[in-house]
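# Fold and geometry: a report
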Amino acid sequence: AQSVTQLGSHVSVSEGALVLLRCNYSSSVPPYLFWYVQYPNQGLQLLLKYTSAATLVKGINGFEAEFKKSETSFHLTKPSAHMSDAAEYFCAVAEYGNKLVFGAGTILRVKS
Amino acid sequence: DAGVIQSPRHEVTEMGQEVTLRCKPISGHNSLFWYRQTMMRGLELLIYFNNNVPIDDSGMPEDRFSAKMPNASFSTLKIQPSEPRDSAVYFCASTRLDRRTEAFFGQGTRLTVV
């Protein structure tokens, strides 16, 4: 069965510092992988997705993620954090049939 | 496109009452998901439909929960009777089945059962 593990329920970085949010997946077939962001009192919004094309995926707001099959990882990065990046981030995996399974989420705090 | 539309945005009800949450997916999407989000359990997939047919309802917590999708443009999630532990934010999401693309989420319904 597919699953996602996000390491670190809370991550705190200083404004301008590198953001690294970790995600490892388990899937019996080549997965489709996603990162979503959720701002307070809002729904989830897609940041980026991996669909078996390029392993380095660029998303909105300067975020990117690299698919590493050997490590079963799909970590999310951003070179320089901005205050507006403070939110909760979810990694998700989808197999055939479109069933999306989410990780537990990581709350990103950005300090000024 | 207006996106996925959920109603109501907020619902406060008394324990034992019936609650119905509604979702209108994006036009042209043929997969629909219901999720529940709580602090303790995070995002849980309750049930999903492909072409209006329930595919996997293993996440539905109890028989008190039921979901229907009578047509491609409407789905309901019903809780009867409701209990305080059902308090959560319920999200609906939709996507295109044939493209294995991302799901688009509604704004959610915040349910409080007192």
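Here the structure is a predicted model, which means the values were calculated and not measured. Within every chain, residues take consecutive numbers counted from 1 along the sequence as written. Naming scheme: in the order in which they are written, chains are lettered from A and ligands are numbered from 1. pLDDT decides what is reported in this predicted model: residues at 70 or higher carry local features, side-chain atom pairs at 80 or more are listed and counted, and totals for whole chains, interfaces and linings draw on all residues regardless. The side-chain values count all of the structure's non-hydrogen atoms but skip hydrogen atoms and water molecules.

Right, let's get into the side chain of Gln 38 of chain A. Positionally, Gln 38 of chain A belongs in strand 4 (residues 32-38). At a separation of 2.9 Å, a polar atom in the side chain of Gln 38 of chain A contacts the main-chain carbonyl oxygen of Gln 42 of chain A. Setting aside residues no more than four positions away along its own chain, Gln 38 of chain A makes contact with Gly 43, Leu 44, Ala 87, Glu 88 and Phe 90 of chain A together with Gln 37 and Phe 91 of chain B. Counting from the N terminus, the helices are DSSP H or I runs at least four residues long and the strands are E runs at least two residues long. The definition of a polar contact used here is a pair of N or O atoms within 3.5 Å, where within protein one atom must be able to donate a hydrogen and the other to accept one, and adjacent residues in sequence count solely through side-chain atom pairs. Should any heavy atoms of two residues lie within 4.5 Å, those residues are counted as being in contact.

Right, let's talk about the side chain of Gln 6 of chain A for a bit. All names here are of chain A. For Gln 6, the position within the fold is in strand 1 (residues 3-7). A relative accessible area of 10% means that Gln 6 is categorised as buried. A polar side-chain atom of Gln 6 sits 3.1 Å from the main-chain amide nitrogen of Gly 105. Contact partners of Gln 6, with chain neighbours within four places excluded, come to Arg 22, Trp 35, Tyr 89, Phe 90, Cys 91, Gly 103, Ala 104, Gly 105 and Thr 106. The rule is simple: take the accessible area with a 1.4 Å probe, protein chains only, and divide by the maximum for that residue type; under 20% is buried, over 50% is exposed, in between is partly exposed.

On the side of chain B, 23 residues touch chain A, which itself brings 22 residues to the contact. Using a 1.4 Å probe, buried area is obtained as the accessible area two parts lose upon being combined, added over both of them. Interface of chain A and chain B: buried area, both sides summed, is about 1,800 Å²; carbon and sulfur atoms make up 50% of it. Our count for the chain A to chain B interface comes out at five residue pairs in polar contact (both at pLDDT 80 or more). Those elements that place two or more of their residues in the side of chain A that touches chain B are strand 4, strand 5 (44-50), strand 9 (87-94) and strand 10 (100-102) of chain A.

With that out of the way, let us pick up the environment of Pro 25 of chain B. Residue and element names in this part refer to chain B. Note on placement: Pro 25 falls in the loop between strand 3 (19-24) and strand 4 (31-38). Residues Pro 25 and Ile 5, 20 residues apart in the sequence, show an inter-C-alpha distance of 6.6 Å. Once you skip the residues sitting within four places of it in the chain, Pro 25 turns out to touch Val 4, Leu 32, Met 69, Ala 72, Ser 73, Phe 74 and Ser 94.

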